[in-house]
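Residue-level structure breakdown
Residue-level listing of the chains:
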Amino acid sequence: MKKVKQIRVSKPFDLLSEELVFIILDLISPNPSDLKSFSLTCKWFYQLESKHRRSLKPLRSDYLPRILTRFRNTTDLDLTFCPRVTDYALSVVGCLCGPTLHSLDLSRSGSFSAAGLLRLAVKCVNLVEIDLSNATEMRDADAAVVAEARSLERLKLGRCKMLTDMGIGCIAVGCKKLNMVSLKWCVGVGDLGVGLLAVKCKDIRSLDLSYLPITGKCLHDILKLQHLEELFLEGCFGVDDDSLKSLRHDCKSLKKLDASSCQNLTHKGLTSLLSGAACLQRLDLAHCSSVISLDFASSLKKVSALQSIGLDGCSVTPDGLKAIGTLCNSLKEVSLSKCVSVTDEGLSSLVMKLKDLRKLDITCCRKLSGVSITQIANSCPLLVSLKMESCSLVSREAFWLIGQKCRLLEELDLTDNEIDDEGLKSISSCLSLSSLKLGICLNITDKGLSYIGMSCSNLRELDLYRSVGITDVGISTIAQGCIHLETINISYCQDITDKSLVSLSKCSLLQTFESRGCPNITSQGLAAIAVRCKRLAKVDLKKCPSINDSGLLALAHFSQNLKQINVSDTAVTEVGLLSLANIGCLQNIAVVISSGLSPSGVVAALLGCGGLRKAKLHASLRSLLPLSLIHHLEARGCAFLWKDNTLQAELDPKYWKQQLEEIVP
């Protein structure tokens, strides 16, 4: 018998080809810490990871030369963590990325000028997408430079309030390949500029004109675009019935129209606007001034294929809702949030026609009772999302029906409702549930929560804000059964202790932890979460008096992905605050009241946190901090919010809810 030759491999990694390693990197790329560990395995892996990486999101613009030298194949560069991006930084991007760069996000950056944009446009000839939103100092001269990027296909200029028709005209002439443009809140742009875009850029598919001082005049050209699929006209007060009277179009490509907050648009103007949009699928009319009556609903006759409609904040009549259900019976999404006039009769007549309804929002529809919920449960078994916050007339028994009939639910908002443990037991039958909001539900206890923990293993988000019947026992059940939990809010659940935090530390995917007003949790419990939940990004510890420096030291050491933290009214001193400077991506910090802080300690902490975008501090510190420091931090991109809140005793949840009901009709 021949002996099989044994091949000795001194370097096992030599058996892997680049293609195989790239496949491995594709699988682990969603987790930055895994990528870092991979690249540190050996020099070859380090080089391959550099070669494979396409997307970058650096924490400092100062790092750009070193980062871009290593990652030469970068196609997508996100600089939203860099509040200050100078012309030199853009020059570095242009030189080191060159034709490879396809997408650049500068939506939260400033300090650059036309000179920097010109270098970028000249060097990055294959740039197809750039986001310049919030560049409030951007003028027409800068827009003319952007027009040099001839390959641009997607351009965002939201809140560039200094731009005028002339600047947009330059872009329209230079960037004829544009297919997506956002001009939201560009209040200096009118009919002329928008009309030029429509005439010169024939490939536009998505156009956002929200809050522009335009009229129906430019819509004649816009609706001639043969490929237009999305049109956003939110808050365009100049778009009214008179300006649309002569509008005739045949825009069969239009699939989404947002005409929300168009206060001067009634069913007459809407009829003209929708006349040629036979293929429209999504329509948003939220906060419009007209009553959604039978006449208004008649304007929807020509869009019978509609799949989604938003009527948030509108005044609706039973006849109007019934007509919508009859004319648009293919609807899959309906939003009636804060439609205070919605009644059981109207909603029931709507949903009984919509057998394929998947998403329904009836938030703050306070006139609805169990009659509506019964009709929803019986008529809409395919529901995946139901939002019904503050529907306080719905009886406890109705919630049992939701769990029995709507078992495909993935998102359920029951904030400020009368649901009890039996209702939660029924809802636990919704095995696909990923988001559950039970804030201010005063009738639920650990028993009800245990049903959710034992059955809803896919739960990602849980809100228990002010649900005072919940203790460590209920949280433990959730932590044990819902290991994929990413967001939890236990604020003002005053019986919660460190035992809950230790239990939650098993949820390694946890990103958002809110425990405001929990007096019994300490730094020991916080440290347990910090050690095991490495993806933690947002922490709210306000009014947790037993949280001190040791808790923040643990966060500073283990929670390197932390972006937002609130430590107001805690026992934290400048020692703990200063330790947060160790977290490179920290952006927002709130320390409104803390007796252990001195002005010098606050100064040191603010200077140490180089990526800070927002600092919420007590107003008394404003006069104690050097003015030069404030100006320096503002130039670095940090915005200050000065609060003068005095510490108030917490209200009993039942009394708090009663007061809220008196304020909101």
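Residues numbered from 1 in each chain as written. Predicted model: local features only at pLDDT ≥ 70, side-chain atom pairs only at ≥ 80, totals over all residues. Heavy atoms only, no water.

Some thoughts on the overall build of the protein chain
The condition is simple: Put simply, DSSP marks the helices as runs of H or I at least four residues long and the strands as runs of E at least two long, and each gets a number from the N terminus on. In this description the radius of gyration comes from C-alpha coordinates, and the expected globular size is given by 2.2 Å times residues to the power 0.38. Categorising residues by exposure relies on relative accessible area from a 1.4 Å probe, with only protein chains included: less than 20% of the type maximum marks a residue as buried, more than 50% marks it as exposed, and the intermediate range marks it as partly exposed. Residues count as neighbours in contact if any of their non-hydrogen atoms are within 4.5 Å of one another. Using a 1.4 Å probe, the Shrake-Rupley method yields the accessible areas, and only the shown protein chains count as cover for residues. Under the counting rule used here, the positive set is Lys and Arg, the negative set is Asp and Glu, and His together with the chain ends is not counted. One atom stands in for each charge, and that atom is NZ of Lys, CZ of Arg, CG of Asp or CD of Glu.
Helix and strand content of the protein chain: 27 helices and 26 strands. Radius of gyration (C-alpha) of the protein chain: 28 Å, near the 26 Å computed for a compact globule of 665 residues. If you line up the protein chain on its principal axes, its C-alpha atoms span 90 × 75 × 65 Å. Scored against the burial criterion, the 665 residues of the protein chain give a buried share of 52%. Summarising the internal contacts of the protein chain: among those between residues at least 6 apart in sequence, 74% fall at separations of at least 24. In the structure as shown, the protein chain presents an accessible area of about 29,300 Å², 53% of it carried by carbon and sulfur atoms. With 78 positive and 68 negative side-chain charges, the protein chain shows a spacing of 7 Å between the two charge centroids.

Observations regarding the nonpolar core
The tendency in soluble globular proteins is for nonpolar side chains to be buried side by side. The test is simple: Think of a nonpolar core as a cluster: buried Ala, Val, Leu, Ile, Met, Phe, Trp, Tyr and Cys residues, connected wherever their side-chain atoms sit within 4.5 Å.
Counting 199 residues, the largest nonpolar core has L157, I222, L231 and F513 as its most contacted members. Broken down by element, the residue count for this core peaks at six residues, all from helix α5 (residues 87–97). Each residue touching I222, except ones within four places of it in the same chain, is listed here: V194, A198, L207, L209, L228 and L231. With six residues, the next largest nonpolar core counts V21, L35, F45 and L48 among its residues.

Points about empty space enclosed by the protein
Threshold: Site definitions follow a grid-based scheme: protein atoms alone, a 1 Å grid, a 1.4 Å probe that fits but cannot get out for cavities, and for pockets an open set with protein on both sides within 12 Å along at least five of seven lines, plus lining residues having an atom within 4 Å of a point. Grid points are joined across faces, edges and corners, and a volume is the space filled by probe spheres set on the points. Think of it as three bins: nonpolar holds Ala, Val, Leu, Ile, Met, Phe, Trp, Tyr, Cys and Pro, charged holds Asp, Glu, Lys and Arg, and polar takes everything else, Gly as well.
Throughout the structure, instances matching the rule amount to three cavities of 30 Å³ or more. The space that makes up the largest cavity amounts to roughly 60 Å³. Among the elements of the structure, α6 (114–123) and α7 (140–146) are those that each provide at least two residues to the lining of the largest cavity. The element that contributes the greatest number of residues to the lining of the largest cavity is α6, accounting for three residues. Of the residues that constitute the lining of the largest cavity, the class distribution is nine nonpolar, no polar and no charged.

Describing helix α23 (residues 549–558)
Among all positions of α23, only D549, G551, L552, A554, L555 and A556 are buried. Where the residues of α23 are buried, they touch α22 (523–532), β23 (564–566) and α24 (574–579).

What about the side chain of N179?
With respect to the helices, strands and loops of the structure, N179 is situated in the loop between α8 (165–174) and β6 (180–182). Setting aside chain neighbours within four positions, we find N179 in contact with E153, R154, D203, I204, R205 and S206.

A short note on the side chain of S349
How we decide: Nitrogen and oxygen atoms within 3.5 Å of one another constitute a polar contact, given that in protein one can donate a hydrogen and the other can accept it, and given that sequence-neighbouring residues count only through two side-chain atoms.
Mapped onto the elements of the fold, S349 is located in helix α15 (residues 344–351). Among the polar contacts made by the side chain of S349, one reaches the main-chain carbonyl oxygen of G346 at a distance of 2.7 Å. S349 has contacts with P318, L321 and K322, leaving out every residue within four places of it along the chain.

Some words on the UniProt feature "domain: F-box/LRR-repeat protein 15-like leucin rich repeat" (unreviewed entry) in the protein chain
Stated formally: UniProt positions are given in the numbering used here, feature names are shortened, and annotations may be inferred rather than shown by experiment.
Here, the residues flagged by UniProt with the feature "domain: F-box/LRR-repeat protein 15-like leucin rich repeat" (unreviewed entry) are residues 123–270 and 328–478. Secondary structure across residues 123–270 divides into 27% helix and 12% strand, with the first and last C-alpha atoms of the span separated by 46 Å.

Re the pattern of salt bridges
Test applied: We count a salt bridge whenever a side-chain nitrogen from Lys or Arg sits within 4 Å of a carboxyl oxygen from Asp or Glu.
Within the structure shown, the criterion is met by 14 salt bridges. The residue R396 makes a salt bridge to D420 at a minimum N-O spacing of 4.0 Å. Within this pair, whereas R396 is found in helix α17 (residues 396–405), its partner D420 is found in the loop between β17 (411–413) and α18 (421–427), the two being separated by 24 residues in sequence. By relative accessible area, R396 is classed as partly exposed at 38%. The buried category is assigned to D420, whose relative accessible area is 16%.

Overview of the packing of α15 against helix α16 (residues 370–379)
Put simply, the rule is: The axes used here are C-alpha line fits, helices contributing only the stretch in contact, and every angle between their N-to-C directions lies in the interval 0 to 180 degrees. Any angle that falls under 35 degrees is termed roughly parallel, while one over 145 is termed roughly antiparallel, one within 65 to 115 roughly perpendicular, and all others oblique.
Across the interface, α15 lies against α16 with an axial gap of 9 Å and an inter-helix angle of 5 degrees. Here α15 lies roughly parallel to α16, going by the angle between them. Residues D344, L347, S348 and V351 of α15 form the contact with α16, whose own contacting residues are V371, S372, Q375, I376 and S379. Across the contact of α15 with α16, the residue classes break down as four nonpolar, four polar and one charged.

Examining the environment of D221
You can see D221 is positioned in helix α10 (residues 219–222). Through-space distance from the C-alpha of D221 to that of G195 is 6.1 Å; in sequence the pair is 26 residues apart. When sequence neighbours within four positions are dropped, the list of residues in contact with D221 reads G195 and A198.

Observations regarding the packing of helix α14 (residues 318–327) against α15
Taken N-terminus to C-terminus, the directions of α14 and α15 make an angle of 5 degrees; their axes are 7 Å apart at the nearest point. Judged on the interaxial angle alone, α15 and α14 are roughly parallel. Taking contact as the criterion, the partners of P318, L321, K322, I324 and G325 in α14 are, on α15, E345, G346, L347, S349 and L350. Here the contact of α14 with α15 is composed, by residue class, of five nonpolar, three polar and two charged.

Re the confidence of the model for the protein chain
Applied cut-off: Note on scores: pLDDT gives the predictor's confidence for each residue, bounded by 0 and 100.
Per-residue confidence for the protein chain averages 91 on the pLDDT scale, and 95% of its residues sit at or above 70. Scored below 50 in pLDDT, residues 647–652 makes nine contacts in the model with residues more than four places away or belonging to other chains. Note that pLDDT drops below 50 for residues 658–665; the model gives that stretch three contacts with residues more than four away or on any other chain.

Topic: unusual backbone geometry
In this structure, N134 is a non-glycine residue whose phi angle is positive, near 70 degrees. With respect to the secondary-structure elements, N134 resides in the loop between β4 (129–131) and α7. Residues other than glycine seldom take positive phi values, yet K543 does so here, at roughly 60 degrees. Given a relative accessible area of 22%, K543 falls into the partly exposed group.

What about the pairing of strand β25 (residues 614–618)?
On a regular strand, one side chain projects to one face of the sheet and the next to the other, so that they alternate. The condition that has to hold: Pairing between strands is defined by DSSP: at least two bridges between them are needed. For the handedness criterion, the strands are oriented away from the viewer, and a crossover whose path from the first strand over the helix to the second runs clockwise is classed as right-handed.
Pairing of strand β24 (residues 588–591) with β25, which is carried by four bridges, proceeds in the parallel orientation. Within β25, the residue paired with I589 across the bridge is A615. Crossover connection from β24 via helix α25 (residues 599–608) to parallel β25: handedness right-handed. As paired strands, β25 and strand β26 (residues 639–643) are joined by five bridges and run parallel to one another.

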